[in-house]
Amino acid sequence: MNCIINVGYGNMVNAGRVLGIIKPEAAPVRRMIQSLKDSGNAFDATCGRKTKSVLVLDNGCVMLSALLPETIAARMNNDYGRGEIIE
């Protein structure tokens, strides 16, 4: 079973598919996001808020979140049992 992580505003991601969590400020990251949006491989979980973190998934897609990378990483590092929803 896999852990499901809340990435903000009721949006969830399978923690086992996340390769990395990065900040979107750097120009190369912004170009990557725009390229993936154009190809339909970016999931926007910000609910209209400012993007504060980008979750890179193992299938080449990204998920945009309005939560700080530190917040998402802390949720992923919690000591919850496998298969639980971590909020």
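Summary of the structure given here. (Residues numbered from 1 in each chain as written. Predicted model: local features only at pLDDT ≥ 70, side-chain atom pairs only at ≥ 80, totals over all residues. Heavy atoms only, no water.)

Before going further, it helps to spend a moment on the sheet that holds strand β3 (residues 18-22). Strands sit in the order β3-β5-β6-β4 across an open sheet of 4 strands; the sheet is mixed. Because the sheet does not close on itself, it has two edges, and the strands there are β3 and β4 (42-44). Going across the sheet, the axis of each strand differs from the next one's by a mean of 20°, ignoring polarity. Bridge count between β4 and strand β6 (residues 62-65): 3 bridges; the pairing is parallel. Counted as the bridge partner of Ala 42 is Val 62 from β6. Running over the sheet, helix α1 (residues 27-39) touches β3, β4, β5 (53-57) and β6 and is turned about 115° from β6. Strands in contact with helix α2 (residues 69-77) are β3, β5 and β6; relative to β3, the strand with the most contacts, it is inclined by about 150°. (Pairing = 2+ DSSP bridges. Helix = DSSP H or I, 4+ residues; strand = E, 2+ residues; numbered from the N terminus. Axes fitted to C-alpha atoms, helices over the stretch in contact; angles between N-to-C directions. Contact = heavy atoms within 4.5 Å.)

Moving on: the layout of surface pockets. A probe as big as a water molecule, rolled over the atoms, marks out the empty space that is left. Approximately 170 Å³ is the volume attributed to the largest pocket. Contributing to the lining of the largest pocket are Pro 24, Glu 25, Arg 30, Ile 33, Gln 34, Lys 37, Lys 50, Thr 51 and Leu 64. Take the lining of the largest pocket: its biggest share by element is 4 residues, from α1. For the lining of the largest pocket, a count of residues per class yields 3 nonpolar, 2 polar and 4 charged. (1 Å grid on protein atoms, 1.4 Å probe; cavity = no way out; pocket = protein on both sides within 12 Å on 5 of 7 lines; lining within 4 Å. Points joined across faces, edges and corners; volume = space filled by probe spheres on them. Nonpolar A, V, L, I, M, F, W, Y, C, P; charged D, E, K, R; others polar.)

Attention now goes to the environment of Lys 52. With respect to the helices and strands, the residue Lys 52 is situated in the loop between β4 and β5. Look at Lys 52 and you get partly exposed, because its relative accessible area is 37%. For Lys 52 and Ala 66, which are 14 residues apart along the polypeptide, the C-alpha to C-alpha distance reads 4.9 Å. With sequence-adjacent residues up to four places away left out, Lys 52 is seen in contact with Lys 23, Pro 24, Ser 65, Ala 66, Leu 67, Leu 68 and Pro 69. (Buried < 20%, exposed > 50% of the residue type's maximum accessible area, 1.4 Å probe, protein only.)

How two aromatic rings sit relative to each other is set out by the distance from centre to centre and by the angle between their planes. Scanning the entire structure with this criterion turns up 0 aromatic pairs. Above the plane of the ring of Tyr 9 lies Arg 49, whose end atom (NZ or CZ) is 3.9 Å from the centre. (Phe/Tyr/Trp six-rings, centres within 6.5 Å; stacked < 30°, edge-to-face > 60°. Lys NZ or Arg CZ within 6 Å of the ring centre and 35° of its normal.)

Take the nonpolar core next. Core analysis: the biggest nonpolar cluster contains 13 residues, and Val 7, Val 13, Val 18, Leu 55, Leu 57, Met 63 and Ile 72 have the highest contact counts within it. Looking at this core, the elements with two or more residues in it are β1 (4-8) and β5. When sequence neighbours within four positions are dropped, the list of residues in contact with Val 18 reads Val 13, Leu 55, Val 56, Leu 57 and Met 76. Val 29, Val 54, Val 62 and Leu 64 belong to the second largest nonpolar core, which has 6 residues in total. (Core = buried A, V, L, I, M, F, W, Y, C linked by side-chain atoms within 4.5 Å.)

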